[in-house]
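# An overview of the molecular structure
Chain by chain, the residues:
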Amino acid sequence: MNKDYNTDRMLIEKYMDKLLNEEEKQKAEFLLANNEEAREMHKEMQTAVTAVKYAAINQQVSAAAQSFFNSRAQEKTSSSTGAAKVISFRRVATYSLRAAAVVLLVIGSYTAISYQTVNADGLYADGFVPYDIAVTRNSSDAAAVETAYMQQNWQLVINAANQQTTSPKTNFLAGVAAMQLHQYPDARNFFENLVLLNKQSADPVYVDDAEYYLALTYIKLGELAKAQPMLETIRKNPYQQYYQAVKNISSFKLDLLKYKQQ
Amino acid sequence: MDTAIQFLYHSYYDQLSSVITFKGGSSEDAQDIFQEVVVNFIDCVREGKFRGESAIKTFLHAMMRNTWLNELKKRTRSERRDQLFEKDKDVLDKDVNEEMEKRELKKQMLASFEKLGDGCKTILTLYYYENLPMKEIVSQTSYENEQVVRNKKHKCLKALTAFIKGNELFIENLKAAI
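Read on for an overview of the structure.

### Here we look at the side chain of E71 of chain B
All names here are of chain B.
- Within the secondary structure layout, E71 lies in helix α3 (residues 56–74).
- Here E71 falls in the buried class, since its relative accessible area comes to 11%.
- Here E71 is in contact with I33, R103 and K107, once residues within four sequence places are set aside.

### Considerations on the packing of aromatic side chains
Residue and element names in this part refer to chain A.
- In this structure the tally under the stated criterion is 26 aromatic pairs over all chains.
- Taking 5.5 Å as the distance between ring centres and 20 degrees as the angle between the ring planes, the aromatic pair formed by Y124 and F128 counts as stacked. Take Y124 and F128: they sit in the same class, and that class is buried.
- Through a chain of ring-to-ring contacts, the aromatic side chains of Y124, F128, Y131, Y149, W154, F172, Y184, F191, Y206, Y212, Y213 and Y242 assemble into a single cluster.

### What about the packing of helix α1 (residues 5–16) of chain A against helix α2 (residues 22–34) of chain A?
Residue and element names in this part refer to chain A.
- Close contact between α1 and α2 brings their axes to 10 Å; oriented N to C, the two are set at 110 degrees. Overall, the two elements α1 and α2 adopt an arrangement that is roughly perpendicular. At the point where α1 passes α2, the crossing takes the left-handed sense. Judged by residue contacts, D8, L11, I12 and Y15 of α1 engage E24, K25, K27, A28, E29, L31 and L32 from α2.
- Grouping the constituent residues of the contact of α1 with α2 by class yields six nonpolar, no polar and five charged.

Criteria and cut-off values
- Residues numbered from 1 in each chain as written.
- Chains lettered and ligands numbered in written order.
- Predicted model: local features only at pLDDT ≥ 70, side-chain atom pairs only at ≥ 80, totals over all residues.
- Heavy atoms only, no water.
- Helix = DSSP H or I, 4+ residues; strand = E, 2+ residues; numbered from the N terminus.
- Buried < 20%, exposed > 50% of the residue type's maximum accessible area, 1.4 Å probe, protein only.
- Contact = heavy atoms within 4.5 Å.
- Phe/Tyr/Trp six-rings, centres within 6.5 Å; stacked < 30°, edge-to-face > 60°.
- Axes fitted to C-alpha atoms, helices over the stretch in contact; angles between N-to-C directions.
- Parallel < 35°, antiparallel > 145°, perpendicular 65-115°, else oblique.
- Left-handed = near helix turned anticlockwise from the far one by under 90°.
- Nonpolar A, V, L, I, M, F, W, Y, C, P; charged D, E, K, R; others polar.

Structural data, given as structure tokens:
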């Protein structure tokens, strides 16, 4: 490697600095794989870079240490004047007040920004998850509604529900279909109807789903006083299917939106 | 970075300096060892070797104790060392042990770097530590253009590797550590 020592050295340095194109990189890797002297040179360069980094950290720590011990020395000088306790207390109080002010400022800013930006549409979007229907064997009428739902033929689902008002499943699917069509008052009616049917039934179905989607619909319609207790119930029940999903709807923003509505 | 270092000093110096002063060290020893420990700790964090499995204070405490033990060993006060640490022979943190093995190696690295001129120190630090592009380095130094800085950086790295290579003690330590 003596003849091409400088060329090889430059190549290895650029390889270490990741400055080579693909062809040059392959050349460098070939050299490193086949030449002990080149490998040694590469190792030395890496050690040198480690030394640079270590020295830089050392320099920074040294400067910070000096600053720390200088301020310590100044504090000691102050304490020897007899005003130490007052100064110390003032300093602590000042730092505490500053810290409190910063915290308040951050909280205040967050609240102010949230207050400006929070709205029912945003909260609804935070919580809305399209409902995926599971394929079930059912009566032909219900199967038709399911098929229409899977085909995202929302209007057909709603039409079917209007004809089968006593079917919980049809009411639920129609509620979600109405949400998809942004017909929120209709969605609310379907879900409320489902809740009523469930209350009268010995075998209630879609209980969790109805609770969550009805709460979402209430948010969208601005009926926050109705939505909030339902969401809180879900939040407290880890076995509720929408326990995780409800976490996407911020209680703080909901409170803020309620306050904004007043 | 400065804020982090200040935090380490404000939070831990008073508590951890006693590790040294209670074991026969002076306040100057405590300052030197704590500084060395902070440098090594930051290096560990940068290299991803501090995995957060132990609290920062615990990690620093172990480093302080072992660095001081190492220092005492270096000062060949073995009798006093054994006497002082006889009761403290618990299992050392693996991460800390690894770092202690490289202590002398790092000192030699610093010594080699210090042999460089200020210009070289600046260019190498800006390039390899600050990761600045050549264009930025030109603007922060008095060099004419990027090519001049490139050439200078090449020469400086060559000089540093030569210093390191020329240091026999360094090589011995390197071999021992690897």
